Amino acid sequence: MNLLPKSSKEFGSVDYWEKFFQQRGKKAFEWYGTYLELCGVLHKYIKPREKVLVIGCGNSELSEQLYDVGYRDIVNIDISEVVIKQMKECNATRRPQMSFLKMDMTQMEFPDASFQVVLDKGTLDAVLTDEEEKTLQQVDRMLAEVGRVLQVGGRYLCISLAQAHILKKAVGHFSREGWMVRVHQVANSQDQVLEAEPQFSLPVFAFIMTKFRPVPGSALQIFELCAQEQGKPVRLESAEQLAEAVRERQQYAWLCSQLRRKAKLGSVSLDLCDGDTGEPRYTLHVVDSPTVKPSRDNHFAIFIIPQGRETEWLFGMDEGRKQLAASAGFRRLITVALHRGQQYESMDHIQAELSARVMELAPAGMPAQQQVPFLSVGGDIGVRTVQHQDCSALSGNYVIEDVQGDDKRYFRRLIFLSNRNVVQSEARLLKDVSYKAQKKRKKDRKKQRPADVEDFPAAPGQSIDKSYLCCEHHKAMIAGLALLRNPELLLEIPLALLVVGLGGGSLPLFVHDHFPKSCIDAVEIDPSMLEVATQWFGFSQSDRMKVHIADGLDYIASLAGGGEARPCYDVIMFDVDSKDPTLGMSCPPPAFVEQSFLQNVKSILTPEGVFILNLVCRDLGLKDSVLAGLKAVFPLLYVRRIEGEVNEILFCQLHPEQKLATPELLETAQALEQTLRKPGRGWDDTYVLSDMLKTVKIV
């Protein structure tokens, strides 16, 4: 039996509804959910003693069930004489106080202010099928009548799919009238979505429009969103913000439906936000492993990433997450990253908070009541302490945070919040610097000092282990010094270096401390980074190491234009990021590899020197172009790919005859390393220079 109209416009036709209810008979037709699915939101906004008008009641059992639980003062109207007759016959004996009237809701016969609640389940959606003038005029009459028959303080409670044109009309109409506008997502609506079309699901919402007494001259508008039955409403600034928030929830419902259908969506990620503040609290990545054979216990698992480890390749990159999912042995794995700035009590608390939400992302075919395991590394949520946060005019918002690594050692990191999953700079803290030790020392100092002496903490940078390089690409860049030949002499002869891009200062600081004859010019465009490096990463200038606050492009161009008096460097290092996230190359900015600028670099490099560049480029075509441009200026070009990262370190030299075969290159690296390992030099034993060069390839 076909009960759907040929055109959506027929929803507004009396003849259509007469035929509809004749064909359907007495079987109830429930738009957008049954009483059991909607009772939570209905009971929240309707009191049992209030007088309720149900418009477009149809043959829904909603009014009957409200009546049966104590809502006795209910009036139902519908435009269809057939359905009103059916409902009167069904309820005359069992529900004598409830009335059913044939009436046009655009021309109601009730006196003004007759009701405290007008309940609409799908009627507005049925009438507002398009945005043609005739349709909009009919809806205007309907909503005006709703406002007329409601008392001040009364509510229009409309159950709707909140499609964009419907939300716009309802919110616009009532906000202009000075009513309070709230949109409330019906709880668990992902299980009761309407299949609007074969591949799309829409969640159900309730509009709660509260009638206020008109205040002449007042422009006050109130917009609220409530995402859960018992949740606290969030106040929004505009109708546009409200529409965007609803759209986000509709997109989430669509995503859940697609994941249940096994749709191939590629990489799927989403943020779960704090219901009170709207701030992101968790970032979820959904990873499917099609090669895993299904069994009873391997359908689905949740992996909680310890705080501070979300930047690691295994957790922060698509390929890493795929490897993690495959090794875990589940058909679908959801990784969960915890956001800085949020408080987390324990792993148990996180599980309780996430359990209901992540089940919405479960794969199709998972048995009912299946226990879903929560996995992690080491069984805890990790340690992250934000030490400092600020905003740079050039780099934007950034944080300095201390995190606990896999080996329980602590690391200090600089993070730009514009790219919060990338560690900009990192340094290891000394072993004796633990939070318990700091707390104890602070307590002891308080006992010993006079009462009027203020307790100033030790300088944050003093706790840095300067002998250790955290970043793999920095280790590779240092290993590139082996290309200078005669590495055993590097500690005895002057070594001139230019480093563009300071960050936390760990790269130039390492060279300064381990090569006693080195003289280093570091160039940094952002003065805030010099402050960060000095205060938080143990960096300091000396007679052998100077920082120049300048644009690296301008600084090198100025040096190159100095004629015979221009300085020449044995080593030039570029470790500078791009501030434009739309480019396929995030390090360095494209201007740093243009031919004219590379010629400037060449002019200030000694004949046997080495130019070392950190390249981060996901665009393969662009990367090929960069390599070709470099090779045109520097005929000898080595590439060292950093395993598990996008970084590639490029070693550029001027003369092909300087070429070292891999065995010879490893031999020079080992010779340099042996020199640096001499007692008293503070060389970290885990750092093997020759390992950094084993996979070097010549372009």
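These numbers come from a predicted model, not from an experiment. (Residues numbered from 1 in each chain as written. Predicted model: local features only at pLDDT ≥ 70, side-chain atom pairs only at ≥ 80, totals over all residues. Heavy atoms only, no water.)

1. Observations concerning helix 13 (residues 472-479)
Under the convention used in this document: Only protein chains enter the accessibility calculation, which uses a 1.4 Å probe. A residue is then buried if its area is under 20% of the maximum for its type, exposed if over 50%, and partly exposed in between. Every helix listed is a DSSP run of H or I at least four residues long, and every strand listed is a run of E at least two residues long, numbered separately from the N terminus.
Counting buried residues in helix 13 gives 7 out of 8 residues, a clear majority hidden from the surface. Looking at helix 13, one finds that the buried residues are His473, His474, Lys475, Ala476, Met477, Ile478 and Ala479.

2. Quick look at the packing of aromatic side chains
Convention followed: Only rings of Phe, Tyr and Trp enter the pairing, Trp through its six-membered ring, and a pair is recorded when the two centres are within 6.5 Å. The plane angle decides the type: under 30 degrees is stacked, over 60 is edge-to-face, the rest tilted. Charge over a ring is defined by NZ of Lys or CZ of Arg lying within 6 Å of the ring centre and within 35 degrees of the ring normal.
For the structure on display, the rule yields 10 aromatic pairs. Where Phe611 meets Phe634, the ring centres are 5.4 Å apart and the plane angle is 45°; that geometry is what we call tilted. With Phe611 in strand 26 (residues 605-617) and Phe634 in the loop between helix 18 (620-633) and strand 27 (636-641), the pair connects residues that are 23 residues apart, well separated along the chain. Side by side, Phe611 and Phe634 carry an identical accessibility label, which is buried. Three or more aromatic residues link up through ring pairs in this structure, and these residues are Phe574, Phe592, Phe597, Phe611 and Phe634. Above the face of the Tyr67 ring, Arg72 is positioned so that its terminal group lies 4.7 Å from the ring centre.

3. Points about empty space enclosed by the protein
Spelled out, the test is: Each cavity reported here is a set of points on a 1 Å grid over the protein atoms alone in which a 1.4 Å probe fits but cannot get out, each pocket an open set with protein on both sides within 12 Å along at least five of seven lines, and each lining residue one with an atom within 4 Å of a point. Grid points are joined across faces, edges and corners, and a volume is the space filled by probe spheres set on the points. Any residue that is not Ala, Val, Leu, Ile, Met, Phe, Trp, Tyr, Cys, Pro, Asp, Glu, Lys or Arg is counted as polar, Gly included; the first ten are nonpolar and the last four charged.
In this structure the tally under the stated criterion is 1 cavity of 30 Å³ or more. Of the voids in this model, the largest cavity is the one considered here, and its volume is about 70 Å³. Taken together, Ala427, Ile464, Asp465, Lys466, Tyr468, Leu469, Gly504, Ser506, Leu509, Phe510 and Phe537 make up the full set of residues lining the largest cavity. When residues in the lining of the largest cavity are grouped by element, the largest group, 3 residues, is from helix 14 (residues 506-514). Looking at the lining of the largest cavity residue by residue, the class counts come to 7 nonpolar, 2 polar and 2 charged.

4. Section: the side chain of Gln185
Applicable threshold: In what follows, residue pairs with any heavy atoms lying within 4.5 Å of each other are defined as contacts.
Mapped onto the elements, Gln185 comes out in strand 6 (residues 180-185). Residue Gln185 is classed as buried on the basis of its relative accessible area of 12%. Each residue touching Gln185, except ones within four places of it in the same chain, is listed here: Pro203, Val204, Phe205, Cys226, Ala227 and Arg249.

5. Some thoughts on the packing of helix 6 (residues 133-149) against helix 7 (residues 164-176)
For clarity, the cut-off: Every axis corresponds to a line fitted to the C-alpha atoms, with the helix fit spanning only the stretch in contact, and the corresponding angles, defined between N-to-C directions, vary from 0 to 180 degrees. Oblique is the label for any angle not covered by the other classes, which are roughly parallel (under 35 degrees), roughly antiparallel (over 145) and roughly perpendicular (65 to 115). With the far helix as reference, a near helix turned anticlockwise by less than a right angle produces a left-handed crossing, and one turned clockwise produces a right-handed crossing.
In the contact formed by helix 6 and helix 7, the axes pass within 11 Å of each other and the chain directions differ by 50°. By the angle class used here, helix 6 and helix 7 are oblique. At the point where helix 6 passes helix 7, the crossing takes the right-handed sense. On the side of helix 6, the interface is formed by Leu136, Val139, Asp140, Leu143 and Ala144, while helix 7 contributes Lys169, His173 and Phe174. Of the residues assigned to the contact of helix 6 with helix 7, the class counts are 5 nonpolar, 1 polar and 2 charged.

6. Structural notes on the packing of helix 13 against helix 14
A packed helix pair is summarised by two numbers, namely the angle formed by the two axes and the spacing between the axes. Axis separation between helix 13 and helix 14 bottoms out at 11 Å; the angle between their running directions is 40°. Here helix 13 lies oblique to helix 14, going by the angle between them. Considering only the axes of helix 13 and helix 14, their crossing is right-handed. Here His474, Met477 and Ile478 of helix 13 lie close against helix 14, whose contacting residues are Ser506, Leu507, Phe510 and Val511. Its residues placed into classes, the contact of helix 13 with helix 14 shows 5 nonpolar, 2 polar and no charged.

7. Re the confidence of the model for the protein
Quick note on the threshold: Confidence of the prediction at every residue is given by pLDDT, a number between 0 and 100.
Confidence in the prediction of the protein, expressed as mean pLDDT, is 82, and 81% of residues score 70 or more. pLDDT under 50 marks residues 189-200. Its contacts with residues more than four places away, or in other chains, come to 28 contacts. Below pLDDT 50 for its whole length, residues 439-443 participates in 2 contacts with residues either more than four positions away or in separate chains.

8. Quick notes on the environment of Ile464
When you line up the elements, Ile464 lands in the loop between helix 12 (435-448) and helix 13. The exposure class assigned to Ile464 is buried, which follows from its relative accessible area of 6%. Remark: the alpha-carbon pair of Ile464 and Gly538, spanning 74 residues in sequence, is separated by 5.9 Å. Sequence-distant contacts of Ile464, defined by excluding residues within four places in its chain, comprise Arg412, Ala427, Arg428, Leu429, Leu430, Trp536, Phe537 and Gly538.

9. Let's talk about unusual backbone geometry
At the junction of Cys587 and Pro588, the peptide bond is cis and its omega measures out at -10° in the coordinates. Here Pro588 shows up in the loop between strand 25 (585-587) and helix 17 (595-603). Backbone geometry places Ala113, a non-glycine residue, at a positive phi of 55°. In this fold, Ala113 is placed in the loop between strand 3 (99-102) and strand 4 (115-121). For Ala113, a relative accessible area of 37% corresponds to the partly exposed category. A positive phi angle, close to 55°, is found at Ala162, a residue other than glycine. Along the chain, Ala162 turns up in the loop between strand 5 (150-160) and helix 7.

10. Regarding the sheet that holds strand 17 (residues 384-392)
Let me state the cut-off plainly: What makes two strands pair is DSSP finding at least two bridges between them.
Strand order across the open sheet formed by 4 strands is 17-18-19-20, with antiparallel pairing between neighbours. What marks the edges here is a single partner per strand, and that holds for strand 17 and strand 20 (423-428). Across this sheet, the average inter-strand angle for adjacent strands is 15°, counted without regard to direction. Two strands pair when backbone bridges link them, and strand 18 (residues 396-404) and strand 19 (residues 410-416) are joined in this way by 7 bridges, in the antiparallel orientation. Following the sheet pairing, Val403 is matched in strand 19 by Phe411.

11. Focus on the pattern of salt bridges
Note that side chains of opposite charge can pair when their charged atoms are close. As a reminder of what qualifies: Salt bridges, as used here, are contacts in which a Lys or Arg side-chain nitrogen is within 4 Å of a carboxyl oxygen on Asp or Glu.
Under the counting rule described, the total for this entry stands at 22 salt bridges. Residues Glu50 and Arg155 are paired through a salt bridge, measuring 2.5 Å at the closest nitrogen-oxygen approach. Taken together, the residues Glu50 in the loop between helix 2 (35-45) and strand 1 (52-55) and Arg155 in strand 5 connect sequence positions 105 residues apart. Arg155 shares its class with Glu50; the two are buried. For the salt bridge of Asp68 with Arg95, the shortest nitrogen-to-oxygen distance reads 2.9 Å. Placement of the pair is Asp68 in helix 3 (residues 62-68) and Arg95 in the loop between helix 4 (81-91) and strand 3, with a sequence separation of 27 residues. Asp68 gets classed as partly exposed once you look at its relative accessible area, which sits at 44%. Classification of Arg95 as buried rests on a relative accessible area of 5%. Several salt bridges share partner residues, and in doing so they unite Glu310, Arg340, Arg384 and Glu401 into one network.

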